[in-house]
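Listed below are the residues making up each chain.
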Amino acid sequence: MESKEGEPRGVPEADTPQAGAVMIPKLPRLEFSLACRELAAPARERKPNAVVYASVVSEQQRSATAYSSTEVVEGTRDPLFLTGVSFPPDYPIGEETRLKLSVYDVREKSQETRTFLGCATFSVDDLVKSKEQQLTLSLRSPDGTNTAGTIVVNCLKMGEIEDGDVEQISTEAQEHKHPSICGSMSLQGFKDRDGGPLMNAVFKNPVCKVFRFQTADGQWMFIRELMAECTLSFNIPKQLINLFIQEDMQRIQDLKELGELSPHWENLRKEMLGQYGQVISCYHDILTELNKITGPNFKPSCSKGEKYLEFIPINLHTQRMRVQCPRTKDAAYDIITVGAPAAHFQGFKNGGLQRLMARFESDKKTFNTTYQCIYYTPENTAKAKEVLSDIGLLQPLISSLADQLLQSAEQRCSSRLTETLKAMSDKTEQFVHVLKDELVKNALLALYTARPGYVSKGNSPVCNNVGANQTSPKERCQSTLKRQDSIPQHSEYDDEEWDRVWVNVAQSLNCIIALVDRLMEHEKKEQDCESTDPPPEDSVVSHNNADWHEQLYPLVVTLKECIQEVVERAKKSMAFVLLQESACNLPQGLLLKQRRDFVFSQALSALACGFVMKLYAGLDDKGFLQQLHTVGIIGQFESLLSTYSEEIGMLEDMVVGISDLRRVTFRIAEAKSDEPNELQPVVTGRRDHYTVQVPLPREAFESLPEEIKEGGPLHVHPVLFNVGINQQQTLAERFGDISLQEKINQENYEILKEYYRLLSEKVPAECLPQFHVQTEVKELLETLYQNIHLKKRKNVEILWLAATICRRLNGIRFTSCKSAKDRTSMSVTLEQCTLLRDEHNLHRDHFIRALDCMRSSQHPQGDLTEGDDPEAGPVADNKPPSRHFYPVALLLVSSHLLVVWLILSLSLLLAKYQ
């Protein structure tokens, strides 16, 4: 893989220690703010637009490695920078490390034209041991002879925010001397919560930025942004690939066990086996390549074209903004950023999954006629997979309970015997219910007709006499229930035979229940006699010789045999359904399934990341935990893709991938140890249903409600809202089709509304988080509905309302565009600044500057970000992928893009009228 996009410059990969399960994450090793005084004017007619770059000096190499920068403060010789410098706890610096601060005058921001003004160096030891941990350093001019002004470094340290007058940060006030305002900034509220519990077990390589913004009442708020990678970017896909391989290998085994087929079906089976073999081989190769990767924990956008990374989400990162303000309660806001889950390597020439699947279903009837197949609807094939899944789960469970029943009988433990029998009865009844389906019976008939030949047959023995009072349950079942061979290949099919087969299961269970009832009744009578009159010696001997195990054993064996026969027949019939469903549309069907696997893997990785982050942050929130196990939580995916060109294909992929997440449930388990590898989520299941088990250390697990500790399924309800915002969306709205976007928003609004109704009925309102802006969720939903049906171009109000509702409902926020960079970064920073304004009283006049600060990060060598388009050119090796680093307006098109758009519009108009 290419160099890590999100890594700060100067951090060698080898120097990054392995993260462990840290319950209390470490604070950043060093944080300081910057301000300049009396900067030298580059020219008499103008004042400098100053920016400071912080670098780490290498004494051995005699060079400085750029680390971070402030925002640009325009038109003043005394700039006060709102962006600070923060080194994470594992960054390789010590007291002897020297830092270099270089000040530049940015003459033209759009052209990146800079003039070097001066620089100063200091050691970490100088700063931490200075009076009040503050340094005032002289800036050396380029020739090293003159002073270009001074720079003030204030170390951020523990303490309390002091009330009192502070300097305004407006342009007019920046000419004045400013006090040391950050020496008293409080970090106390962050020591136990930054990153949440267990942060370092799953989330690694944090990048931290610090800011100080002014509130409307003249106070200062402190903001720390923490961006981290997630080990689940690779962990979840690798587990899924293993599960895909196991499932397809089982499918091959099921096909081989179908028995002899007619030549037509035999040829299709061989073709199917070959196709499945190719898929398994491909997945094995991908897994082998993934296991070789030892670098970053994410896939950079420049690797979209790597085939072996198709399962990996693009730029999956966690974004946490923690706010500490003197007038409002401390708060944290999380967003997961990820590139659109889509088959980027395969491309979108023929559309995405939604369009391909619709075309595939419409073409299946033609295929079925050509290949003489039976047409099965998607519901039927899903049902077949569900039956196979249920059989695979229930048969071993019933067998295990049957063994426990015999063990309880051998120990003559009445209570355990009764409890085990009840559990076995419930699972057996569930097993019978699953198989009492017309699809199974019809598929058996279809399988019979696919045999090389068949002749008339007689009736097989069945348990017709079960229920006769003159014989014992043991005698009745042994005399009437007989083991039958698998489906005969040369006999005429009797559709009543299948009913008799699974009825035998129910009747054999009734035999066991009747015997256990008799044993319990006899046991009770003997206990009553013993309590009134001691029994004679010979009766005691007779009692001891009455072996419960001996009486139950043949009945349990009969039940197992009946279940085994049902399983064999049902598995063959369902395998035949899937053979027809797949064989009649080779190779298109398997290629489509692979594409769906790629997209689902990316979507599940993001969902699991968001769930784990939300769980870690809410372990002490009883309201959240109650909501989680009662109705589950919302996972709100925000998409900024356009409905034009290839991005409409991405959106079609994403729609299916997010929808497939409804087949996923989560469970919480106690970890075997606190080792990082034991705290990684584990995925189990098959394509029709997956379970993600999230382990917690014993102490954290024991604090959970009993309903969660018992391992019940926890649901995340995924919803997707899309509003295209780039210039391509302008073309789509003027000359294209936006019906897909409208349909997505309307359908997911209904899902969100239904979740809120369910939540309102089952969870008290006090369980939900409280916000300063107290708009009712019901009112927000109504406004969202109106905006969805409002014919307004690029209506980003839809996204804002959906995000607001998600936060109000304690949900998980996801934001995506093509690569989780330009558009995503603009959306996230806009949302964060809006939260600061609405919830933490950020001064409205300083909103734009705060937004610019959170978006800006520049480098004197001019390393810019790669755009969303591959034509944007090469990327610097260590370029950050996240949203911190894109000084572009979210909803405005730059001048050169506007020109391109005008040219395209005119071209389309000319083509239309020619």
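Rules of the game
- Residues numbered from 1 in each chain as written.
- Predicted model: local features only at pLDDT ≥ 70, side-chain atom pairs only at ≥ 80, totals over all residues.
- Heavy atoms only, no water.
- Helix = DSSP H or I, 4+ residues; strand = E, 2+ residues; numbered from the N terminus.
- Buried < 20%, exposed > 50% of the residue type's maximum accessible area, 1.4 Å probe, protein only.
- Contact = heavy atoms within 4.5 Å.
- Areas by Shrake-Rupley, 256 points an atom, 1.4 Å probe, with all protein chains shown as cover.
- Axes fitted to C-alpha atoms, helices over the stretch in contact; angles between N-to-C directions.
- Left-handed = near helix turned anticlockwise from the far one by under 90°.
- Nonpolar A, V, L, I, M, F, W, Y, C, P; charged D, E, K, R; others polar.
- Core = buried A, V, L, I, M, F, W, Y, C linked by side-chain atoms within 4.5 Å.
- Polar contact = N/O pair within 3.5 Å; in protein donor to acceptor, adjacent residues only side chain to side chain.
- pLDDT = per-residue confidence, 0-100.
- Phe/Tyr/Trp six-rings, centres within 6.5 Å; stacked < 30°, edge-to-face > 60°.
- Pairing = 2+ DSSP bridges.
- Parallel < 35°, antiparallel > 145°, perpendicular 65-115°, else oblique.
- Expected span 1.5 Å × (residues − 1).
- Salt bridge = Lys/Arg side-chain N within 4 Å of Asp/Glu carboxyl O.

This part covers the overall build of the protein chain. Each helix and strand in the protein chain was counted, giving 24 helices and 18 strands. When each of the 914 residues of the protein chain is scored for burial, the buried share is 54%. In the protein chain, the proportion of contacts linking residues at least 24 apart, taken out of those at least 6 apart, comes to 79%. Carbon together with sulfur atoms contributes 49% to the accessible area of the protein chain, which is approximately 39900 Å² in total.

Interhelical geometry of helix H13 (residues 588-617) versus helix H15 (residues 646-660) gives an angle of 65° and a closest axis separation of 9 Å. Between H13 and H15 lies a crossing of right-handed hand. For the pair H13 and H15, contact is made by Arg595, Arg596, Val599, Phe600 and Ala603 and by Asp653, Val656, Gly657, Ile658 and Asp660, respectively. Within the contact of H13 with H15, the residues separate by chemical class into 5 nonpolar, 1 polar and 4 charged.

A word on the nonpolar core. Of all hydrophobic cores here, the largest spans 140 residues; its most connected members are Met424, Ile512, Phe611, Phe666 and Ile668. At 16 residues, helix H12 (residues 548-583) tops the list of elements feeding residues into this core. In terms of nonpolar packing, the next biggest core, distinct from the first, is built from 31 residues, Val56, Ile93, Val124 and Ile151 among them.

This part takes up the side chain of Glu647. Note on placement: Glu647 falls in helix H15. Within the structure, Glu647 has its side chain in polar contact with the side chain of Arg823 (distance 2.7 Å). Beyond its immediate stretch of four places on either side in the chain, Glu647 contacts Leu641, Ser642, Asn726, Gln728, Lys818 and Arg823.

Now for unusual backbone geometry. At Glu38, a residue that is not glycine, the phi angle is positive and equals roughly 50°. For Glu38, the position within the fold is in the loop between strand E1 (30-37) and strand E2 (50-58). Here Asn841, not a glycine, exhibits a phi torsion of approximately 65°, which is positive. Along the polypeptide, Asn841 turns up in the loop between helix H22 (822-840) and helix H23 (847-855).

The next point concerns the confidence of the model for the protein chain. Of the residues in the protein chain, 77% have a pLDDT of 70 or more, and the chain-wide mean is 79. A low-confidence stretch, residues 1-25 (pLDDT under 50), is modelled with 81 contacts involving residues beyond four sequence positions or located in other chains. Below a pLDDT of 50 lies the segment residues 858-903, which in the model reaches 110 contacts outside its immediate sequence neighbourhood of four places, other chains included.

Inspection of the entire model under this criterion finds 18 aromatic pairs. Relative to Phe87, the ring of Tyr67 lies with its centre 4.3 Å away and its plane at 15°, an arrangement referred to as stacked. Note that Tyr67 is positioned in strand E3 (residues 63-69) and Phe87 in strand E4 (residues 85-87), a separation of 20 residues in sequence. In this structure, Tyr67 and Phe87 share a single accessibility class: buried. Here the aromatic rings of Tyr749 and Tyr785 are separated by 5.4 Å at their centres, their planes lie at 45°, and the arrangement is tilted. Of this pair, Tyr749 sits in helix H19 (residues 739-762) while Tyr785 sits in helix H20 (residues 777-788), and the two are 36 residues apart along the sequence.

Let us look at the sheet that holds strand E12 (residues 331-337). Backbone-to-backbone hydrogen bonds join strands into a sheet, with any given pair of strands oriented parallel or antiparallel. Pairing within the open sheet is mixed, and its 10 strands lie in the order E9-E10-E11-E12-E18-E13-E17-E14-E16-E15. Sheet topology places strand E9 (203-214) and strand E15 (682-686) at the edges, where each strand pairs with a single neighbour. Strand after strand, the sheet turns through a mean of 25° between neighbouring axes, direction not considered. Two elements, strand E13 (residues 633-639) and strand E18 (residues 812-816), share 5 bridges in a ladder whose sense is parallel. Bridge pairing links Ser639 to Ser816 in E18.

With that settled, the discussion passes to the packing of H19 against H20. For any two helices packed against each other, one specifies the inter-axial angle together with the distance between the axes. Viewed as axis vectors pointing N to C, H19 and H20 meet at an angle of 170°, and their least axial separation amounts to 11 Å. Classified by the angle between their axes, H19 and H20 sit roughly antiparallel to one another. Two secondary-structure elements touch here, H19 through Asn745, Gln746, Tyr749, Leu752 and Tyr756 and H20 through Val777, Lys778, Leu781, Leu784, Tyr785 and Ile788. A per-class count over the contact of H19 with H20 returns 8 nonpolar, 2 polar and 1 charged.

Examined against the element boundaries, Ile751 turns out to sit in helix H19. On the basis of relative accessible area, Ile751 is assigned to the partly exposed category, the value being 27%. Taking the C-alpha atoms as reference, Ile751 lies 9.7 Å from Leu720; in sequence the two are 31 residues apart. Those residues in contact with Ile751 that sit more than four places away from it in its chain are Arg662, Pro718 and Val719.

Quick look at the environment of Ser301 now. Its place among the elements puts Ser301 in the loop between helix H4 (263-292) and strand E11 (317-324). Sequence-wise, Ser301 and Gly339 are 38 residues apart; in three dimensions their C-alpha atoms are separated by 8.0 Å.

Here we come to the pairing of E11. The buried fraction of E11 is high, at 8 of 8 residues. Going residue by residue along E11, you find His317, Gln319, Met321 and Val323 tucked away on one face and Thr318, Arg320, Arg322 and Gln324 tucked away on the opposite face as well. Here strand E10 (residues 220-230) pairs with E11 via 8 bridges, running antiparallel. Following the sheet pairing, Met227 is matched in E11 by Gln319. Linking E11 to E12, which pair antiparallel, is a turn of 6 residues.

Attention now moves to the environment of Leu759. Within the secondary structure layout, Leu759 lies in helix H19. Apart from the residues lying within four places of it in its own chain, the contact partners of Leu759 are Gln627, Val631, Leu768 and Leu809.

All right, on to helix H21 (residues 797-808) then. Here H21 is 12 residues long and its end C-alpha atoms lie 16 Å apart, about the 16 Å a rise of 1.5 Å per residue gives. A large share of H21 lies buried, amounting to 10 of its 12 residues. Those residues of H21 that fall on the buried side of the exposure criterion are Ile798, Leu799, Leu801, Ala802, Ala803, Thr804, Ile805, Cys806, Arg807 and Arg808.

Let's shift gears to helix H3 (residues 232-256). Compared with an ideal rise of 1.5 Å per residue, which puts 25 residues at 36 Å, H3 spans 36 Å between its outermost C-alpha atoms and is within 8% of the ideal. Where burial is concerned, most of H3 is hidden: 18 out of the 25 residues are buried.

For the rest of this paragraph, the subject is the pattern of salt bridges. The final tally for this structure, using the stated rule, is 32 salt bridges. Residue Arg807 is joined to Glu831 by a salt bridge in which the shortest nitrogen-to-oxygen separation is 2.8 Å. Highlighted residues: Arg807 in helix H21 and Glu831 in helix H22, separated in sequence by 24 residues. For the pair Arg807 and Glu831, a shared accessibility class is recorded, and that class is buried. Salt bridges here are not isolated pairs; linked through shared partners, they connect Glu247, Asp248, Lys593, Asp597 and Arg687.

Attention shifts here to the pairing of strand E17 (residues 714-722). Of all 9 residues in E17, 7 are buried, a share of seventy percent or more. Taken together, the 7 bridges between E13 and E17 define a ladder with parallel strand orientation. Bridging from a neighbouring strand, Phe637 pairs with Leu720 of E17.

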